[in-house]
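Each chain, written out:
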Amino acid sequence: MAENRQDPENPPRTSPRSDGPEGTGRTDEPDAAAPAGSGPRRSAVRSLLRLWPYARAVRGRLAVSVTAATLAMLSTLAVPVVLGRIVDGPLAERDLDGLWPLVGLLLLLGLVESALFYTRRVVLARPLAGLETAMRGDLFAKLQRLPVSFHDRWGSGQLLSRATADMYTMRLFLAFPLVFLIVNSVMFLAGAVLMFTQDWRLALITLAPVVPLFVATRRFERGYSGATRLAQDQNGDLATVVEESVLGIRVLKAFGRHRSMAERFRVQSQELRRTELRKAHLLANLWAITVGLPEVALGCALAVGAYLVAHDGLSAGTLVAFLSTALALRWPIESLGWLLAYGNDAATATDRFFEVLDEPEAPGTDTPAPGTATGPGARDGIRFTGVRFRYPDAPEDGPDLLAGIDLHVRSGETMALVGATGSGKTTLTALLPRLYEATAGTITLDGRDIRELPPRQLRELVAVAFEEPTLFSATVRENVLMGAPGAGEEQLRTALATAQAGFVEKLPQGADTEVGEQGLSLSGGQRQRLALARAVVGDPDFLVLDDPLSALDVHTEALVERALREVLGTTTALVVAHRPSTVLLADRVAVLADGRIAAVGTHQELLRDCAHYRELMSGEAAPVPEGALVSKGGRA
Amino acid sequence: MTTTAEPVRTGPAAPAEEELPPPPVDEEDIPVPPGAPGALLRSLLGPHRARITVAMVIILVQQAALQSGPLLVAVAMDRGIPALREHDSGPLIAVVAAYLSCSLLSPVLQWAFIKISARVNQDILLELRGRIFRHAQRLGLDFHERYTSGRIISRATSDVDALRELLSEGLQELLTVFLSVCYISVLLLALDWRLGLVSLAAFLPLALVARSFRSRSRRVYRRSRTSAASLIVRFTETMNGIRPVQAFRREKANDAAFAAVNQQSATATADGLLEIARYVGLSRATANVWTTGVVLLGGYLVVDDALELGVLTAFALYLRRLFDPIDQLAMFLNSYQSAAAALEKIAGLLAHEPTVAEPTEPVELPRADGKGRSVAFEGTRFAYRTGKEVLPAFDLLVPAGQTVAVVGATGAGKSTLAKLLARFHDPTDGRIRLDGVDLRDLAAPELRRGVVMVTQESFLFSGTVAENIALGRPGATREEVEQAARDIGAYEFVAALPDGFDTDVRKRGGRISAGQRQLVAFARALLADPAVLILDEATSSLDVPGEQAVQRAMRTVLAGRTAVIIAHRLSTVEIADRVLVMDQGRIVEDGSPQELIDGSGRFAALHRAWRDSLV
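From a predicted model like this one, the values you see are computed outputs, not experimental measurements.

A tally of helices and strands in chain A yields 24 helices and 12 strands. Relative to its full complement of 636 residues, chain A shows a buried share of 56%. For chain A, the share of sequence-separated contacts (at least 6 apart) that also reach a separation of at least 24 residues comes to 76%.

Our next topic: the overall build of chain B. Looking only at helices and strands, chain B features 20 helices and 10 strands. For chain B, the C-alpha radius of gyration of 35 Å lies well beyond 25 Å, the compact-globule estimate for 615 residues. Across its three principal directions, the C-alpha atoms of chain B cover 120 × 50 × 50 Å. Each of the 615 residues in chain B was classed as buried or not, and the buried ones make up 55%. The contacts in chain B between residues at least 6 apart in sequence include a share of 79% that link residues at least 24 apart.

Formed by 382 residues in total, the largest nonpolar core has its most connected members in L417 of chain A together with I469 and A523 of chain B. Broken down by element, the residue count for this core peaks at 21 residues, all from helix α13 (residues 258-311) of chain A. Among residues more than four places away in sequence, those in contact with I469 of chain B are V481, A484, A485, V520, A523, R524 and L527 of chain B.

All names here are of chain A. Strand order in this open sheet of four strands is β2-β1-β4-β5, and the pairing throughout is antiparallel. For this open sheet the edge positions go to β2 (402-409) and β5 (448-449), each flanked by a neighbour on one side alone. Bridge analysis of strand β1 (residues 382-389) against strand β4 (residues 440-445) gives five bridges, and the strand direction is antiparallel. Its bridge partner lying in β4, I382 is registered against L445.

With 169 residues of chain B at the interface, the matching set in chain A holds 164 residues. Sort the elements by how many residues they give to the side of chain B that touches chain A and helix α9 (residues 251-303) of chain B lands first, with 28 residues. Residues that form the side of chain B that touches chain A fall into these classes: 87 nonpolar, 50 polar and 32 charged.

On to the pairing of strand β3 (residues 414-419) of chain A, then. Residues and elements named next belong to chain A. Along β3, six of the six residues are buried, which leaves the element largely enclosed by surrounding structure. Neither face of β3 is exposed, since T414, A416 and V418 on one face and M415, L417 and G419 on the opposite face are all buried. As paired elements, β3 and strand β10 (residues 572-576) share four bridges and run parallel to each other. Bridge pairing in β10 links M415 to L574. As paired strands, β3 and strand β11 (residues 588-593) are joined by five bridges and run parallel to one another. If you follow V418 over to β11, its bridge partner there is V591.

Residue and element names in this part refer to chain A. In spatial order, the strands read β6-β9-β10-β3-β11-β12; together these six strands make up an open sheet with mixed pairing. With partners counted over all chains shown, the strands left at the sheet margins are β6 (462-465) and β12 (596-601), one partner each. Averaged over all adjacent pairs, the angle separating strand axes in this sheet is 20°, with direction ignored. Across the face of the sheet, helix α20 (residues 524-536) comes into contact with β6 and β9 (542-546) while running at roughly 175° to β6.

Below, the discussion takes up the confidence of the model for chain A. Any segment with low pLDDT has predicted coordinates that should not be analysed in fine detail. Residue and element names in this part refer to chain A. Confidence in the prediction for chain A averages 77 pLDDT; 86% of positions are at 70 or higher. The element-level mean pLDDT for chain A is lowest in helix α1 (residues 16-19), coming to 27, with β11 highest at 92. Counting contacts from residues 1-42, a segment whose pLDDT is below 50, to residues more than four positions away or on other chains yields 104 contacts. Note that residues 365-374 has pLDDT below 50 and, in this model, 20 contacts with residues that lie over four places away or in other chains.

Each pair of packed helices can be described by the angle between their axes along with the distance between the axes. All names here are of chain A. One can describe the packing of helix α7 (residues 156-163) onto helix α11 (residues 210-247) by two numbers: an axis separation of 7 Å at closest approach and a directional angle of 125°. It follows that α7 is oblique to α11 by the angle criterion. α11 is crossed by α7, and the crossing has right-handed handedness. Here α7 contributes S156, G157, Q158, L160 and S161 to the contact with α11, which in turn contributes Q232, N235, G236, D237, A239, T240 and E243. Of the residues in the contact of α7 with α11, the class split is two nonpolar, eight polar and two charged.

Next up on the list: the pairing of β9 of chain A. All names here are of chain A. Of all five residues in β9, five are buried, a share of seventy percent or more. The alternating pattern of β9 places F542, V544 and D546 on one face and L543 and L545 on the opposite face, and all of these are buried. In this sheet, β10 lies alongside β9 in parallel orientation, the contact comprising five bridges. By the bridge assignment, L543 is partnered in β10 with A573.

Our focus in this paragraph is the environment of Q457 of chain A. Mapping Q457 of chain A onto the fold places it in helix α17 (residues 455-461). Spatially, the C-alpha atom of Q457 of chain A lies 25 Å from that of L402 of chain A, the residues being 55 residues apart in sequence.

Even without being glycine, Q500 of chain A reaches a positive phi, approximately 55°. Classification of Q500 of chain A by C-beta neighbours within 10 Å gives buried; the count is 23. Backbone geometry places R423 of chain B, a non-glycine residue, at a positive phi of 55°. Mapped onto the elements of the fold, R423 of chain B is located in the loop between α12 (414-421) and β4 (429-434).

Here we take up the environment of I116 of chain B. Residues and elements named next belong to chain B. Positionally, I116 belongs in helix α3 (residues 90-138). For I116, a count of 20 C-beta atoms within 10 Å corresponds to the buried category. Distance from I116 to A55, taken between C-alpha atoms, is 6.4 Å for residues 61 residues apart in sequence. Not counting the four nearest positions on each side in its chain, I116 is found in contact with R51, V54 and A55.

A separate point is the environment of A593 of chain A. Residue and element names in this part refer to chain A. Mapped onto the secondary structure, A593 falls in strand β11. The class for A593 is partly exposed, based on 17 C-beta atoms found within 10 Å. Measuring from C-alpha to C-alpha, the distance between A593 and A403 comes to 9.9 Å, with 190 residues separating the pair along the chain. In contact with A593, other than residues within four places in its own chain, are G419, A420, S423, A598 and H612.

On to the packing of α7 of chain A against helix α7 (residues 203-240) of chain B, then. α7 of chain B packs onto α7 of chain A with a crossing angle of 140° between their chain directions and a minimal axis gap of 10 Å. Comparing their axes, α7 of chain B and α7 of chain A come out oblique. Judged by the twist between their axes, the crossing of α7 of chain A over α7 of chain B is right-handed. Within the contact between the two elements, α7 of chain A uses S156, L159, L160 and A163 of chain A and α7 of chain B uses I232, F235, T236, M239 and N240 of chain B.

Attention shifts here to the confidence of the model for chain B. Residue and element names in this part refer to chain B. Of all residues in chain B, 91% have pLDDT values of 70 or greater, and the mean over the chain is 80. The low-confidence segment residues 1-19 (pLDDT under 50) makes 76 contacts with residues lying over four places distant or belonging to another chain. The complex prediction reports pTM at 0.73, with the ipTM value standing at 0.75.

The rules we used
- Residues numbered from 1 in each chain as written.
- Chains lettered and ligands numbered in written order.
- Predicted model: local features only at pLDDT ≥ 70, side-chain atom pairs only at ≥ 80, totals over all residues.
- Helix = DSSP H or I, 4+ residues; strand = E, 2+ residues; numbered from the N terminus.
- Buried ≥ 20, exposed ≤ 12 C-beta atoms within 10 Å, placed from the backbone.
- Contact = placed C-beta atoms within 7 Å.
- Rg over C-alpha atoms; globule rule 2.2 N^0.38 Å.
- Core = buried A, V, L, I, M, F, W, Y, C linked by C-beta atoms within 7 Å.
- Pairing = 2+ DSSP bridges.
- Nonpolar A, V, L, I, M, F, W, Y, C, P; charged D, E, K, R; others polar.
- Axes fitted to C-alpha atoms, helices over the stretch in contact; angles between N-to-C directions.
- pLDDT = per-residue confidence, 0-100.
- Parallel < 35°, antiparallel > 145°, perpendicular 65-115°, else oblique.
- Left-handed = near helix turned anticlockwise from the far one by under 90°.

Structural data, given as structure tokens:
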């Protein structure tokens, strides 16, 4: 084998219809023939078959590459033939003139072979990298469109390892082990036939290990794929610990807890080490068997063959030919083990990949609950009707977090949402842009059920400023204008002014300064103001603000409030408020308690009538003395 | 995933003259000292020298056993069978016995080699991961503010993976290649030393090809690792910010942005593959041309009767085998290249010295007397690396047990004061003393027993709520954890979570609001029971009842300790013994709350405004 085994960048499969063993193309995938056909793989094969849609795009190039590989193999096989001719012909006859053409042929073969080697790789380099990219892009796109509840369940480290290490494993498999599974099984079959024609007794002895090897590899596969999966998951967990340790570095520093975090990291990386050692152990066992058994069988064949030559008229030439064939088959048999190991890694990676791709996306357009909506287009504002919500993993016996919300925010009105910590205010606001789906009830915007609207359009109508002001690696301009694509310079300036984000002008490149992970790190207050600007840019029809001023100092807060009033005057808004100063932005206030709207009214009304509200606003359950209600207009 | 991609920082930021953060570092800004990657590798391999030697001996013997197969077959054919025909079974039995023992020895040795090398590899990786992790933890906040989290993550994951690849596959390949080359070289020289030398001379042009491949692919691999890192940054940022991503319909724009980095990475990957193709093609062509030359030369020698025909035949066949593993060398160089690029980055990170260094000769604090500790700023000055001064020379004495509230506009230097006291940064000039001991002379555990800071950012780590609180004092009992939660008014909401204190915050992190997280952070600080407690905007996300509960708790909690409270809101001030009003890094007012409220300074005005904002 000139094409030696450590060849990870080899081209992937042959066209499945042309020379994959067609008979093994059993499967539940109706349109995919089995691309790889050898070896005792069951579920792994099924997993890997799912890669076909991606590999399909590069099948033309694959065919070229496989042809090149085959031709290269042929020219490699032709070399000894030519050498034999040289030795038997010109050299035996001392004919120097006859030597030149044959040496010329040898040179030609050598050059053709190297050109084929080159071609085989070159045609696939970009397509394979492209294939990996396509898969990663799909994974990324899918993840972005999965509901927030999915992301609640999955650590980002786990997702990241799917996007990096797993992709690499899959590409590697397509590039290399796959092709050798095919080439080697073909070689093995051809060699086996050849051996039987040479001497059936010796062939039986030599091929006897195939059965135990088959059993051993099957058993290996079972143990190994479990260990591989575990290792990949543990890798993901480890990535999560690293990520947290960096994101939470301030907390760790403040408490001097590097050591306990490092300890946790150590424990987890030792678990990973254990799993990796377990994998190595399984692999070592398999190796010992796949290397040992054929060798022992060959030793027996040698003994029996020699006996046959001496006593039973087997010709020495046949024995030599037989043993050469058997030796040539050593590599295809030996390679089975680690090719299967690669296959298993790839199958596990594929499973992990499709685990994400198979997740149902956020539901599209459900049929709206009938009878609740007023006519479309009516300026009806936001209306929650009997809205219930519970998190999918909430305990069975617990009450719904939102247990029948009825609330009407009139068109153009600003409604403050007030409630104790953990009462579900943020959850309620997350239902509006359908980051979570209400488990029951209806939410309408201007009379239209939000489930009737395509999510994109819905989210265009509803602008949100989150409690966590997340900025992305992009310019300030992009970060703000993502709230209203198509908005211009004017809107950007207005929004920044509203949010009192004057500091932007002082940034090195003004609004074109990169912020986020890869740019300037802004302070919490600065980020909160940009997040606010993002929400108010382009005058959204509906505005949701989740405690938008928490990180601002009193002075800035007052300035922002004054500017916000103007914005709020023209839109329909729901503002989660923790403090009286924020509440005063609103026309009316809704009090959320025990999963329901306990009271709705103006600030003063509620202070007068609602004990719970008084407690929330002043911290005291006792009635507030007259005169405590001072307008704060004169401040700032 | 509730965490933002980037932690909240309470940096100075006044609308008028906002302090701007330092610019982010480029990868290239972290200098890699020459020789650092090599030194790192040596230090990693060093402790395993014995086991590596054993593994190498094993593979040496194993290869010999494996390679002797064909030789033994030849002996059996040439000697054994003729002898058997003469009814002498001795030679054949000996050869078959030798063959069988080789075929048994080889797998056993292979098994042992895999086991030993896996152990060595895993130990090295464990050590390296640990070093990266611990070092990243040791580095100061100024570093973390510039070196983004995604980069550190890719150091500890994908870069370590590159090294793993080299260790688990590359090295064994190299050994096998090396052994087979040695074996065949010796054979060739023994067959005919003249032709042998000519044949081995092929390694000169082959080395040139390999060298050019090495230098070309080094550039490619560096590029590929850089693009991998930016891919990771983009990915984590998006997944951690999935709420705003969806709410602002960023999916399409993100797809495009991700496609760009993805494409970059694909180009780098493909360029790497192309380099290999080029190398394999070139080296194969060189080897084949050389082989043809040797055959031609040998042919002339044979014709001149200077060489036996059989020797030439053997030469031609062995030459093929000699040059076969050169592709394997490409694979090795390839994973070596990728590992070297990774190692360089890791070494760069590890070589970065923390600016806040551990003392070489730590001093112990005097015994605590249960009244807290005194804090003294003495001529403390702080300026950014850019030279921008945030805190001009600053003097302040806080007696043990005093509760000091620091107020002032954003950018007045309050947070810098807090960060210096918590030793997140070291002052540019001057010093800070805790009970008379310079902070820089305190070992980290001693310092953290003394000073704990609760920030506005209240990051929760994966694990249960109880574990998050217990972070304040590992080893605390469940009762103590619950008591801390109760003290701060967090007990009710925690108990109401699906699994109470055993609720996994990462799984249900989305449900724990910012205010609730702050309460958990408070409970954490209470449990830590420090002599000096710093609260930096620690109540910003609490609602009024929550804040009041905290205030009530503080009255008892702060007894017997020194406290520095930084707040935008003045409600906190009521529990303070003393109020400092800061402006542009200086203390402009200093007195008891009542004195200041009754006065006519800035605090009095601020306080009036705040009163007005209340119900």
